[in-house]
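# Examining the three-dimensional arrangement
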Amino acid sequence: MAQARAQTVDEPTDAAPIPQEWAARLKDFAEFLEYERGASRYTLRNYMSDIGLFLQFLAEVGVKQLPNATRDHAQRWVYDLTMDGSARSSIARRLSALRSFWRFLAREGVIENPEVITKTPSPKIGRRLPDLLSERDAERLVHAPLRFATRIDASTVDKQAALQRALALRDHAVLELAYGAGLRVAEIASLDLAGLDLRNRVARVWGKRSKQRETLFGEPCREALAMYINDARPLLARGIRTRAAVFLNSRGGRLTTRGIELSLKKWARVENLPEDIHPHTLRHSFATHMLDGGADLRLVQEMLGHASVATTEIYTHVSQAQMAQAYARAHPGMNRDDDT
């Protein structure tokens, strides 16, 4: 049930066993999660493993009763996990499981003061900088489907070729919205014809928390959308003019977020770009390239639909990181030998 944690240098190699009473309490908690909370097998396995690590630690340091565990014990456990090389995100997850277990013990009357554990602070998790494409690679990716489509005669009577051309024009418009307007993949998939104003280059989309917002897009994006809607969409719609969705799949239904992801990976392969590119990669690239080009942070926040400017500020960190890399590559002082 419980896995022995990695040993620190000054600890004995033989781990102390978990008392049967503790194991029974952990089993009760597992049943509570499964039957009361409907937890999955995966969740149960992680909870039992994470909590078991702490119970193993308590046994090793000589704690005899669960009510005797203190915040100092929890903090020392966190310290040991850190020294063992555990990621901060993993430690935070283990603490979350432990807090839930201690609250359960309090409800069961096993302990009186769960706060000695539940108030143990999690380590601060540094925000991961988003993956980005260079401006050149982003342009290559966005235009890959257009280059494919232009190789197919628009007047072809070959139905399969015409369908492939229509799908390529659709994908070009989708990628233009992701990179040219910074839309989320779900916003692109849910975009309706009624929410698209090509003349004024405005799209009304439903963002997070079901909030509607308007976002602007540029002339290249307008051209891609117009070409798709006029030349490709009628073929995908199969003559049905009342469909609300802007983007349709090959069967005439609304294009899903999964469909967008698969199309993106297809064109990434065509351009020999990493296949782990996600639609959000283009959104991240849009925001960073906007800031690199001198756009105001508040403007980028508005275009991305971020509720807080703090969320948008991560892209300023990306820009700073890129500047530091460029400086290290280009500045002669960063490349000279120490002995010169």
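Before reading further, recall that the structure is shown in the block above.
Heads up: these notes are all about the structure in this document.

Calculation criteria
- Residues numbered from 1 in each chain as written.
- Predicted model: local features only at pLDDT ≥ 70, side-chain atom pairs only at ≥ 80, totals over all residues.
- Heavy atoms only, no water.
- Helix = DSSP H or I, 4+ residues; strand = E, 2+ residues; numbered from the N terminus.
- Buried < 20%, exposed > 50% of the residue type's maximum accessible area, 1.4 Å probe, protein only.
- Contact = heavy atoms within 4.5 Å.
- Core = buried A, V, L, I, M, F, W, Y, C linked by side-chain atoms within 4.5 Å.
- Salt bridge = Lys/Arg side-chain N within 4 Å of Asp/Glu carboxyl O.
- Pairing = 2+ DSSP bridges.
- Axes fitted to C-alpha atoms, helices over the stretch in contact; angles between N-to-C directions.
- Parallel < 35°, antiparallel > 145°, perpendicular 65-115°, else oblique.
- Nonpolar A, V, L, I, M, F, W, Y, C, P; charged D, E, K, R; others polar.
- Phe/Tyr/Trp six-rings, centres within 6.5 Å; stacked < 30°, edge-to-face > 60°.
- Lys NZ or Arg CZ within 6 Å of the ring centre and 35° of its normal.

The next point concerns the overall build of the chain. Helix and strand counts for the chain stand at 14 helices and 3 strands. Looking at the chain residue by residue over its 340 residues, the buried ones come to 42%. Pairs at least 24 apart in sequence give 61% of the contacts found in the chain among residues at least 6 apart.

What follows is about the environment of Leu175. Structurally, Leu175 is set in helix 7 (residues 159-180). Residue Leu175 is classed as buried on the basis of its relative accessible area, which comes to 5%. Measuring from C-alpha to C-alpha, the distance between Leu175 and Ala138 comes to 9.3 Å, with 37 residues separating the pair along the chain. With near-sequence residues (within four places) excluded, Leu175 lies in contact with Leu141, Val142, Pro145, Gly180, Leu264, Trp267 and Leu282.

One finds Leu141, Leu177 and Phe247 to be the most contacted residues of the largest nonpolar core, which totals 47 residues. Counting only elements with at least two residues in this core, the list comes to helix 6 (135-150), helix 7, helix 8 (185-189), strand 2 (202-206), helix 9 (219-237), helix 10 (257-270) and helix 11 (279-292). Ranked by residue count, the leading element in this core is helix 7, at 10 residues. Discounting residues that sit within four places of it in the chain, Phe247 has contacts with Arg170, Ala173, Val174, Leu177, Ile188, Leu191, Leu225, Tyr228, Gly253, Arg254 and Leu255. With 34 residues, the next largest nonpolar core counts Leu53, Ala74, Leu95 and Phe104 among its residues.

A complete count under the given rule lists 12 salt bridges for this structure. Across the pair Arg170 and Asp171 runs a salt bridge, and its minimum N-O distance is 2.9 Å. Since its relative accessible area comes to 4%, Asp171 is described here as buried. In this structure, Arg222 and Glu219 form a salt bridge, with 2.9 Å as the shortest nitrogen-oxygen distance. Residue Arg222 and its partner Glu219 are both found in helix 9; the two are separated by 3 residues, about one turn of the helix. Overall, the relative accessible area of 24% leaves Arg222 in the partly exposed class. Classification of Glu219 as partly exposed rests on a relative accessible area of 29%. Connected through shared salt-bridge partners, Arg136, Asp137, Arg140, Arg147 and Glu271 make up one network.

Taken in spatial order, the 3 strands of this open sheet run 1-2-3, and their pairing is antiparallel. Strands at the two margins of the open sheet, each flanked by one partner only, are strand 1 (196-197) and strand 3 (212-216). In the sheet, strand 2 pairs with strand 3 via 5 bridges, with the strands oriented antiparallel. If you follow Arg204 over to strand 3, its bridge partner there is Glu214.

Let us now look at unusual backbone geometry. Phi angles above zero are rare outside glycine, and Arg201 is one such case at about 55 degrees. Tracing the chain through its elements places Arg201 in the loop between strand 1 and strand 2. Judged by relative accessible area, which is 32%, Arg201 ranks as partly exposed.

At a closest axis distance of 11 Å, the pairing of helix 7 and helix 10 adopts a crossing angle of 100 degrees. As the angle between them shows, helix 7 and helix 10 are arranged roughly perpendicular. Side by side, helix 7 and helix 10 meet where Gln164, Ala168, Arg170, Asp171, Val174 and Leu175 of the first sit next to Ile260, Ser263, Leu264, Lys266 and Trp267 of the second. Residues that form the contact of helix 7 with helix 10 fall into these classes: 6 nonpolar, 2 polar and 3 charged.

Further remarks concern the environment of Val61. Mapped onto the elements, Val61 comes out in the loop between helix 2 (41-60) and helix 3 (71-83). On the basis of relative accessible area, Val61 is assigned to the partly exposed category, the value being 30%. With residues near it in sequence (within four places) discarded, Val61 still touches His73 and Arg76.

Glancing now at the packing of aromatic side chains. In the structure shown here, the tally under the stated rule is 11 aromatic pairs. For the pair Phe29 and Tyr47, a centre-to-centre distance of 6.1 Å together with 40 degrees between the ring planes defines the contact as tilted. Here Phe29 is found in helix 1 (residues 20-36), whereas its partner Tyr47 is found in helix 2, with 18 residues between them in sequence. Measuring from ring centre to ring centre gives 6.2 Å for Phe54 and Phe57, while their planes differ by 25 degrees; the resulting arrangement is stacked. Linking Phe54 with Phe57, this pair stays in helix 2, spanning 3 residues, or about one helical turn. Residue Phe57 is classed as buried on the basis of its relative accessible area, which comes to 0%. A connected cluster of aromatic rings, assembled from ring pairs, spans Phe29, Phe32, Tyr47, Phe54, Phe57, Trp77, Phe101, Trp102 and Phe104. The ring of Phe148 carries the charged tip of Lys266 above its face, separated from the ring centre by 6.0 Å.

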